[in-house]
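# Remarks on the overall topology
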Amino acid sequence: MGGGNGTTVTEFVLLGFSDIGSLLGPLFWGVVLIYLVTLMGNSLIILLTLADPALHSPMYFFLCHFSVVELLYTSTIVPRMLANLCSPRPIISPAGCFTQMYFFALFGVAECCLLTAMAYDRYAAICRPLHYNTLMNRGACVSMVGASYLMGVVTGTIHSICIFTLPFQGDNTIQHFFCDVMPVLRLATGNTFWAEVGKLFITVAFIMTPFLLIIVSYACILVAILGVATSQGRRKVFSTCSSHLFVVVLFFGTASVAYMTPTQDSDQIISFFYTVVTPMFNPFVYTLRNKEVTGAMRRLVKKYFGRP
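Residues numbered from 1 in each chain as written. Predicted model: local features only at pLDDT ≥ 70, side-chain atom pairs only at ≥ 80, totals over all residues. Heavy atoms only, no water.

### Notes on the overall build of the protein chain
Tallying secondary structure elements over the protein chain gives eleven helices and three strands in all. Listing each helix as α and each strand as β along the protein chain from the N terminus yields β-α-α-β-α-α-α-β-α-α-α-α-α-α. For a compact globule of 308 residues, the expected C-alpha radius of gyration is about 19 Å, and the protein chain comes in at 21 Å, within 12% of that figure. Projected onto its principal axes, the C-alpha positions of the protein chain cover 70 × 45 × 35 Å. In the protein chain, which comprises 308 residues, the share counted as buried stands at 47%. Taking contacts inside the protein chain between residues at least 6 apart in sequence as the whole, the part at least 24 apart equals 77%. The distance from the centre of the 17 positive side-chain charges to the centre of the 12 negative ones in the protein chain is 21 Å. (Helix = DSSP H or I, 4+ residues; strand = E, 2+ residues; numbered from the N terminus. Rg over C-alpha atoms; globule rule 2.2 N^0.38 Å. Buried < 20%, exposed > 50% of the residue type's maximum accessible area, 1.4 Å probe, protein only. Contact = heavy atoms within 4.5 Å. Lys, Arg positive; Asp, Glu negative; His and termini not counted. Charge placed at Lys NZ, Arg CZ, Asp CG, Glu CD.)

### Observations concerning the environment of Tyr123
On the secondary structure map, Tyr123 appears in helix H3 (residues 94-127). Residues Tyr123 and Val216, 93 residues apart in the sequence, show an inter-C-alpha distance of 9.4 Å. Ignoring sequence-local partners within four residues, the contact set of Tyr123 consists of Arg128, Ser217, Cys220 and Ile221.

### Topic: the state of the cysteines
Per the counting criterion, the structure on display carries one disulfide. There is a disulfide in this structure between Cys97 and Cys179, and the S-S distance comes to 2.1 Å. Judged by the sign of its S-S torsion, about -120°, the cystine formed by Cys97 and Cys179 is left-handed. With Cys97 in helix H3 and Cys179 in the loop between strand S3 (173-174) and helix H6 (181-185), this pair connects stretches of sequence that are 82 residues apart. Overall, the relative accessible area of 0% leaves Cys97 in the buried class. Judged by relative accessible area, Cys179 falls into the buried class, the value being 0%. Cysteine Cys86 shares no disulfide, and the gap to the nearest cysteine sulfur, in Cys179, comes to 18 Å. (Disulfide = S-S within 2.5 Å.)

### Considering the sheet that holds S3
Across a sheet, strands are paired by hydrogen bonds formed along the backbone, either parallel or antiparallel in direction. One open sheet accounts for three strands, arranged S2-S1-S3; its pairing is mixed. Looking at the sheet topology across the chains shown, the edges are occupied by strand S2 (91-92) and S3. Strand direction decides the pairing type here: strand S1 (residues 12-14) and S3, joined by two bridges, are parallel. By the bridge assignment, Leu14 is partnered in S3 with Ile174. (Pairing = 2+ DSSP bridges.)

### A word on the packing of helix H2 (residues 58-86) against helix H5 (residues 138-164)
For the pair H2 and H5, interaxial distance at closest approach is 10 Å and the crossing angle is 20°. Overall, the two elements H2 and H5 adopt an arrangement that is roughly parallel. Crossing of H2 against H5: the hand is right-handed. In this structure, H2 contributes Pro58, Phe61, Phe62, His65, Val68 and Val69 to the contact, and H5 contributes Arg138, Cys141, Val142, Met144, Val145 and Tyr149. Looking at the contact of H2 with H5 residue by residue, the classes come out as ten nonpolar, one polar and one charged. (Axes fitted to C-alpha atoms, helices over the stretch in contact; angles between N-to-C directions. Parallel < 35°, antiparallel > 145°, perpendicular 65-115°, else oblique. Left-handed = near helix turned anticlockwise from the far one by under 90°. Nonpolar A, V, L, I, M, F, W, Y, C, P; charged D, E, K, R; others polar.)

### A look at the nonpolar core
In terms of nonpolar packing, the biggest core is built from 62 residues, with Val31, Phe62, Met81, Leu115 and Phe272 touching the most fellow members. Those elements that place two or more of their residues in this core are helix H1 (24-51), H2, H3, H5, helix H7 (193-226), helix H9 (242-260), helix H10 (264-287) and helix H11 (291-305). Residue contributions to this core peak at 14 residues, all from H3. Not counting residues within four places of it along the chain, the set of residues in contact with Phe62 comprises Ala117, Met118, Asp121, Met136, Cys141, Met144 and Val145. Counting 17 residues, the second largest nonpolar core, distinct from the first, contains Phe164, Val184, Leu185 and Ala188. (Core = buried A, V, L, I, M, F, W, Y, C linked by side-chain atoms within 4.5 Å.)

### Description of the packing of aromatic side chains
What describes a pair of aromatic rings is the distance from one ring centre to the other and the angle between the planes of the rings. Considering all chains together, one arrives at 13 aromatic pairs under this definition. With a centroid separation of 5.9 Å and 20° between ring planes, the pair formed by Phe103 and Phe107 is classed as stacked. In this pair, Phe103 and Phe107 both sit in helix H3, four residues apart, roughly one turn of the helix. (Phe/Tyr/Trp six-rings, centres within 6.5 Å; stacked < 30°, edge-to-face > 60°.)

### A short note on a nonpolar patch on the surface
On the surface, a cluster of nonpolar side chains totalling about 260 Å² of accessible area is made up of Leu200, Val204 and Met208. Since its relative accessible area comes to 33%, Met208 is described here as partly exposed. (Patch = residues over 30% accessible without salt bridge, like charges linked within 9 Å, V, L, I, M, F, W, Y side chains within 5 Å. Areas by Shrake-Rupley, 256 points an atom, 1.4 Å probe, with all protein chains shown as cover. Salt bridge = Lys/Arg side-chain N within 4 Å of Asp/Glu carboxyl O.)

### Observations regarding the UniProt feature "transmembrane region" (unreviewed entry) in the protein chain
Here, the residues flagged by UniProt with the feature "transmembrane region" (unreviewed entry) are residues 27-48, 60-82, 102-120, 141-166, 200-229, 241-262 and 268-288. Secondary structure content for residues 27-48 is 100% helix and 0% strand, and the end C-alpha separation is 31 Å. The span residues 102-120 is 100% helix and 0% strand, and its two end C-alpha atoms sit 27 Å from each other. (UniProt positions renumbered as here; feature names shortened; annotations may be inferred.)

### Comments concerning the side chain of Thr278
With respect to the helices and strands, the residue Thr278 is situated in helix H10. Discounting chain neighbours no more than four positions away, the residues touching Thr278 are Glu70, Leu250 and Phe273.

The structure is reproduced here in structure tokens:
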């Protein structure tokens, strides 16, 4: 263990939520419940979009991959978090920390890019309806999803390698409940300049740029909505993208606050929200008011269980 000055770190101690005492038990079972709901909700969306021909459209193709990424994203964090909540000494090896950071960055950036692809799909459907089938053909959709995963791989690789090629000596306590970039980078004893430059580049290229593209898409959608003659027509057009807009605000809002707030306590609380809680909300957002998804759910139940 790297406890003294000059000693190379051989394990990290994850101190997130270690000071809440008697609340550890309720937190553990709360996280278990949230995780189970997340797994079931996103798995149901994947099953429905694959099984029901009515959902074989670009929007649901993206939604299926979004749910896959949500499952993998939260599974990168939650199982280790649950193990640490049960452990008197929550440790993780440097290799384990590297792996967790890599996949967290991969799936986080892939999620940003998929949200951007979904925003473009809504833009094409509302603002370019006559060209929609051309713009959102199968090849284009597959390319967008592939690019999302590729950007995630590039981000995870750059982040993880830039940070874990630095020396870690002395302090090995991570003030977080998982191996996020900044809490780990604070422990590095070498020159962190290029790691911080890489983090800034990745943030601008793969997080801020997708967010700006989403804003541009919705600005065009807003103009199109305002051009609809009747209020009923405007509501109908807006309803096709309201679920996606809510998820965008939820994801980018909490993530931006977490990475722009310098205090460690707020990092943990907000990170807990967007890594553990937000993935649970998304299936409900896309199903409760979505007649196509609820219809597919009824057809699936009827097919396998008969009429309720």
